[in-house]
Amino acid sequence: MTRTKVALVGIGKIAIDQHVPALNASPDWELAATVSRKGSVPGVPAFTDFATFLAERPDVPVVSLCMPPAPRFDYAQAALLAGRHVMLEKPPGATLAEVHALTALAAAKGLGIYATWHSRMAHAVAPAKAWLKDKTIKSAHITWREDVRKWHPGQDWVFEPGGMGVFDPGINALSILTEVLPRPVHLTKAILEFPSNRQTPIAARLTFSGQVTADFDWRQEGLQTWDITVETDSGSLALRMGGNVLEIDGKAVAGESTIMGEYPALYARMAELVRTGTSDIDLAPMVHVADALTLGRREVTDAFQF
Ligand code: NAP
């Protein structure tokens, strides 16, 4: 089978941790180039400028954009205008409007665009969705507590406008919630804790319609928690390990306690989109984040330094 050439753009933590291993293990893809001002991947032709890459490598039909969300629009737009299919890391952009613009541009050019949500590919998300399909939801709660210093070491962009703060991981939980609940919910209240020296929240407590609540905190050291619990008319469900393990009434019934299946599944999906010339853009998780930032009550907390 011929492998499709892809360029990885923005060689940093997630590109090295997940994208490169997923591409190297895939029968569908050949990592044909990187574009990054400082980063590179051994053995792969490296560009430091995106326009130069687009001009010099018309043989690469797909680009996968791994830089932070704020600068991503310009790269995605340039790629689409140059006739390339585009894969976007999560969150797909800095604003909803810019992702709508990219979606329209991709459609006009007949190209595929994929707003990836890696947590939706976690091992237990599909079985959880199937189990909840015909249940009445009584309540649900998200606990997403992790250590920003461990997962975003020195990445000041997460605390700059467009970086989304604790919603950078929290949107993963919302991507699962919006996938598995049989009916949509909407945000009704949010309390956001901003470090006194930062532009984005480090913690958030959210309330949604339908007795759904969420607790996001980026200050948790030691044990990290990525759990979603759902009470229904016929039993309780828990998704643990970021959606990778499913428990029903306290007993593990599906999944695997590893996150390593998520990026291979994203690239398999992107291969399908390129083959069929279609797009996959669901902005539901980002709508909740935008609503929280619109409706949220701001509380100022201790200054934060990496
Ligand atoms: P990162 O390491 O800070 O950034 C990735 C790379 O993007 C950087 O190495 C940099 O490469 C490039 N970059 C940074 N700022 C840029 C700018 N203003 N313009 C152009 N390129 C720029 O971030 P990351 O942790 O990989 O996260 C990137 C994306 O992946 C985010 O959307 C994040 O939510 C998502 N993600 C991260 C994780 C995680 O665990 N960290 C997990 C899942 C998803 P050069 O300096 O070499 O150009």
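Up top is the structure.
Within every chain, residues take consecutive numbers counted from 1 along the sequence as written. Restriction of local features to residues with pLDDT of at least 70 applies here, the model being predicted, together with a cutoff of 80 or more for giving and counting side-chain atom pairs; totals for whole chains, interfaces and linings are based on all residues. The basis for every side-chain value is the complete set of heavy atoms in the structure, and neither hydrogens nor water enter the calculation.

Helix numbers and strand numbers start at the N terminus; a helix is a DSSP run of H or I with at least 4 residues, a strand a run of E with at least 2. A tally of helices and strands in the protein chain yields nine helices and 15 strands. This radius of gyration counts C-alpha atoms alone. The globule rule is 2.2 Å times how many residues there are, raised to the power 0.38. Against the compact-globule benchmark of 19 Å for 306 residues, the protein chain has a radius of gyration of 19 Å, which places it among compact chains. Working definition: with a 1.4 Å probe on protein chains only, accessible area under 20% of the residue-type maximum means buried, over 50% means exposed, and in between means partly exposed. Counting across all 306 residues of the protein chain, residues that qualify as buried make up 51%. By definition in these notes, contact holds between two residues if any of their heavy atoms fall within 4.5 Å. Taking the contacts inside the protein chain whose residues are at least 6 apart along the sequence as the reference set, 71% of them involve residues at least 24 apart. The Shrake-Rupley method, run with a 1.4 Å probe sphere, supplies the accessible areas, and residue values consider only the shown protein chains as cover. Counting every atom, the protein chain has about 13200 Å² of accessible surface; 53% of that belongs to carbon and sulfur. His is not counted here, nor are the chain ends, while Lys and Arg score as positive and Asp and Glu score as negative. Note that the charge is assigned to NZ on lysines, CZ on arginines, CG on aspartates and CD on glutamates. Averaged over its 29 positive side-chain charges, the protein chain has a centre that lies 2 Å from the centre of its 33 negative ones.

Turning next to the packing of aromatic side chains. Ring geometry is summarised as follows: Phe, Tyr and Trp rings, the Trp one being its six-membered ring, pair when their centres sit within 6.5 Å, and such pairs are stacked at plane angles under 30 degrees, edge-to-face over 60 and tilted between the two. This model, assessed by the stated rule, comprises ten aromatic pairs. Between Phe47 and Phe53, the aromatic rings sit 5.6 Å apart at their centres with planes inclined by 75°, giving edge-to-face as the arrangement. An angle of 20° between the planes, with centres 5.9 Å apart, marks the rings of Phe50 and Phe53 as stacked. Of this pair, Phe50 and Phe53 both sit in helix H2 (residues 50–56), three residues apart, roughly one helical turn. Grouped by ring-pair contacts, the aromatic residues Phe47, Phe50, Phe53 and Tyr75 constitute a single cluster. We note Arg298 situated over the ring of Phe194; from NZ or CZ to the ring centre the distance is 4.0 Å. Two conditions define a charge sitting above a ring: the NZ of Lys or the CZ of Arg must be within 6 Å of the ring centre, and it must be within 35 degrees of the ring normal.

Before going further, it helps to spend a moment on the nonpolar core. For soluble globular proteins, nonpolar side chains are generally found buried alongside one another. Among the nonpolar cores identified, the biggest contains 50 residues, and Ile142, Phe167, Leu206, Phe216 and Leu237 are the most heavily contacted of them. The leading source of residues in this core is helix H7 (residues 167–180), at seven residues. Apart from the residues within four sequence positions on either side, Ile142 is in contact with Ala173, Leu174, Leu177, Thr213, Ala214, Asp215, Phe216, Asp227 and Ile228. Phe53, Leu65, Met67 and Ala79 belong to the second-largest nonpolar core, a separate cluster that totals 24 residues. We call a set of buried residues a nonpolar core when its members are Ala, Val, Leu, Ile, Met, Phe, Trp, Tyr or Cys and they connect through side-chain atoms within 4.5 Å of each other.

What follows covers helix H9 (residues 284–295). Expected span, for any helix, means 1.5 Å times one less than how many residues it has. Here H9 spans 16 Å end to end across twelve residues, near enough to the 16 Å set by a 1.5 Å rise per residue. Within H9, burial applies to Pro285, Met286, His288, Val289 and Ala292. Buried residues of H9 fall within an arc of 155° about the axis and therefore sit on the same side. At its buried positions, H9 is contacted by helix H4 (96–109), H7, strand E8 (187–195) and strand E9 (203–208). Regarding the arc, it is the one traced by the directions from the helix axis to the C-beta atoms.

The next point concerns the site of the ligand. Near residues are defined by distance, with any heavy atom within 4 Å of the molecule or strand qualifying the residue. Around the ligand sit 26 residues in total, of which Ser36, Arg37, Lys38, Lys90 and Asp168 are the nearest. Here a polar contact is recorded for every N or O atom pair within 3.5 Å, except that within protein the pair must consist of a potential hydrogen donor and a potential acceptor, and residues adjacent in sequence are included only if both atoms are side-chain atoms. Within the backbone of Lys13, a nitrogen or oxygen atom sits 2.9 Å from an oxygen atom of the ligand. At 2.6 Å, a side-chain N or O of Ser36 approaches an oxygen atom of the ligand. Coverage of the ligand by the protein amounts to 84% of the 880 Å² it exposes when considered alone. Put simply, the parts of the chain that give the shell around the ligand at least two residues each are helix H1 (13–24) and helix H3 (69–81).

Only strands that DSSP links by at least two bridges are regarded as paired with each other. Taken in spatial order, the six strands line up as E3-E2-E1-E4-E5-E6 in an open sheet, and their pairing is parallel. Strand pairing shows two members of the sheet lacking a second neighbour, strand E3 (46–47) and strand E6 (113–115), which therefore form its edges. Here strand E5 (residues 85–88) runs beside E6; their pairing, made up of three bridges, is parallel. When the bridges of E6 are listed, Leu88 appears paired with Ala115. With respect to the sheet, H3 is in contact with strand E1 (4–9), strand E4 (62–65), E5 and E6, its orientation differing from that of E5 by roughly 160°. Axes here refer to lines fitted to C-alpha atoms; in helices the fit is confined to the stretch in contact. Angles between the N-to-C directions go from 0 to 180 degrees. Helix-sheet contacts for helix H8 (residues 262–276) involve E1, strand E2 (29–35), E4, E5 and E6, and the interaxial angle to E5 is about 155°.

The next point concerns the pairing of E1. Two strands pair when backbone bridges link them, and E1 and E2 are joined in this way by six bridges, in the parallel orientation. Note that in E2 the partner of Val6 across the bridge is Leu31. Relative to E4, E1 runs parallel, the two being bridged by four bridges. Paired with Ala7 across the bridge in E4 is Val63.

Purely spatial values, then, with no claim about function.
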